[in-house]
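Report on the structure
Spelled out from the first residue to the last, the chains are:
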Amino acid sequence: MNIILTGGAGYLGIHILNKLVNLKNIKIIVIDNFSNSNPSIIKKIYNKNKTKIIIEKIDITKKKKLIEVFQKYSVEHIIHLAAKIDAKESIKKKNIYFSTNLKGTKNLVELSNKFKVKRFIFASSAAVYGNTKRNYCSENQKKKPINPYGETKLKAEEYITKNLVKTNYYIARIF
């Protein structure tokens, strides 16, 4: 089974990668541009699990590079964690956030459809809710992001739900 793990060198990615390498009959294709992460951390895991991990230094906004990965490996599952994540920075660098978080997700969704990926797991954010008056959030409550980061995550969710037609998808809003 081949799994693409975008953002696999980031904080969440490393933890998920550590769990995935314990599974049998698995190949993990880590896609990361290392803009939010330190390559030395993932290299430690890679050195212990060279037969299970492939590292591809790719920006998810580069569709042609992603196509090469999908063509090279028979991808069955995607865990999509790659994103720009600093809400405050997103105000100053709005275009970069929309490119990475939305365009990158669109690329992965389109390729999932084209290459008949079975499952797509997307890490969204509680930032889609904006400021809430409650101490908790419900999936059904109104979504009203207050910064470009939250906007990009919400738009990515909407794109996934409307366009992933042949793939089972799961969206996790990380708090």
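Quick summary incoming for the structure in this document. (Residues numbered from 1 in each chain as written. Predicted model: local features only at pLDDT ≥ 70, side-chain atom pairs only at ≥ 80, totals over all residues. Heavy atoms only, no water.)

Overall, the coordinates contain two aromatic pairs when judged by the stated rule. For the pair Phe70 and Phe115, a centre-to-centre distance of 5.4 Å together with 35° between the ring planes defines the contact as tilted. Placement of Phe70 in helix H3 (residues 63–72) and of Phe115 in the loop between helix H5 (94–114) and strand E5 (119–125) is noted, with a sequence separation of 45 residues between them. With relative accessibility at 26%, the residue Phe115 sits in the partly exposed group. (Phe/Tyr/Trp six-rings, centres within 6.5 Å; stacked < 30°, edge-to-face > 60°. Helix = DSSP H or I, 4+ residues; strand = E, 2+ residues; numbered from the N terminus. Buried < 20%, exposed > 50% of the residue type's maximum accessible area, 1.4 Å probe, protein only.)

One finds Ile4, Ile31, Phe70 and Phe120 to be the most contacted residues of the largest nonpolar core, which totals 24 residues. At the level of elements, strand E2 (27–32), H3, H5, E5 and helix H6 (148–163) are the ones that each hand at least two residues to this core. Those residues in contact with Phe120 that sit more than four places away from it in its chain are Ile78, His80, Leu108, Val109, Ser112, Ile160, Leu164, Thr167, Asn168, Tyr169 and Tyr170. Counting residues in hydrophobic clusters, the runner-up holds 17 residues, among them Val21, Ile26, Phe34 and Ala123. (Core = buried A, V, L, I, M, F, W, Y, C linked by side-chain atoms within 4.5 Å. Contact = heavy atoms within 4.5 Å.)

For the rest of this paragraph, the subject is the pattern of salt bridges. Taken as a whole, this structure holds four salt bridges when the rule is applied. The closest approach of N and O atoms between Glu76 and Lys118, which form a salt bridge, is 3.3 Å. Taken together, the residues Glu76 in the loop between H3 and strand E4 (77–80) and Lys118 in the loop between H5 and E5 connect sequence positions 42 residues apart. When its relative accessible area of 48% is taken as the criterion, Lys118 is described as partly exposed. The closest approach of N and O atoms between Lys93 and Glu89, which form a salt bridge, is 3.4 Å. Overall, the relative accessible area of 40% leaves Lys93 in the partly exposed class. Exposure remark for Glu89: the relative accessible area of 28% places this residue in the partly exposed category. (Salt bridge = Lys/Arg side-chain N within 4 Å of Asp/Glu carboxyl O.)

Turning to the pairing of strand E6 (residues 168–174), a few remarks are in order. Bridging between E5 and E6 involves seven bridges; their strand directions are parallel. Along E6, the bridge assignment pairs Ser124 with Arg173. Remark: the E5/H6/E6 crossover connection has right-handed handedness. (Pairing = 2+ DSSP bridges. Right-handed = clockwise from strand over helix to strand, strands pointing away.)

We now examine the sheet that holds E6. Taken in spatial order, the six strands line up as E3-E2-E1-E4-E5-E6 in an open sheet, and their pairing is parallel. What marks the edges here is a single partner per strand, and that holds for strand E3 (53–57) and E6. Shown here is a sheet whose adjacent strand axes are inclined to one another by a mean of 15°, direction ignored. Across four bridges, the pairing between strand E1 (residues 2–6) and E4 is parallel. The residue bridging Thr6 from the neighbouring strand is His80, located in E4. (Axes fitted to C-alpha atoms, helices over the stretch in contact; angles between N-to-C directions.)

Put simply, H3 and H5 touch, their axes get as near as 10 Å, and they point 35° apart. Considering the relative orientation of H3 and H5, their crossing is right-handed. Of the residues in H5, those in contact with Lys63, Leu66, Ile67 and Phe70 of H3 are Asn107, Leu108, Glu110, Leu111 and Ser112. Of the residues contributing to the contact of H3 with H5, the split by class is five nonpolar, two polar and two charged. (Left-handed = near helix turned anticlockwise from the far one by under 90°. Nonpolar A, V, L, I, M, F, W, Y, C, P; charged D, E, K, R; others polar.)

Any link to function would need more than the numbers given here.
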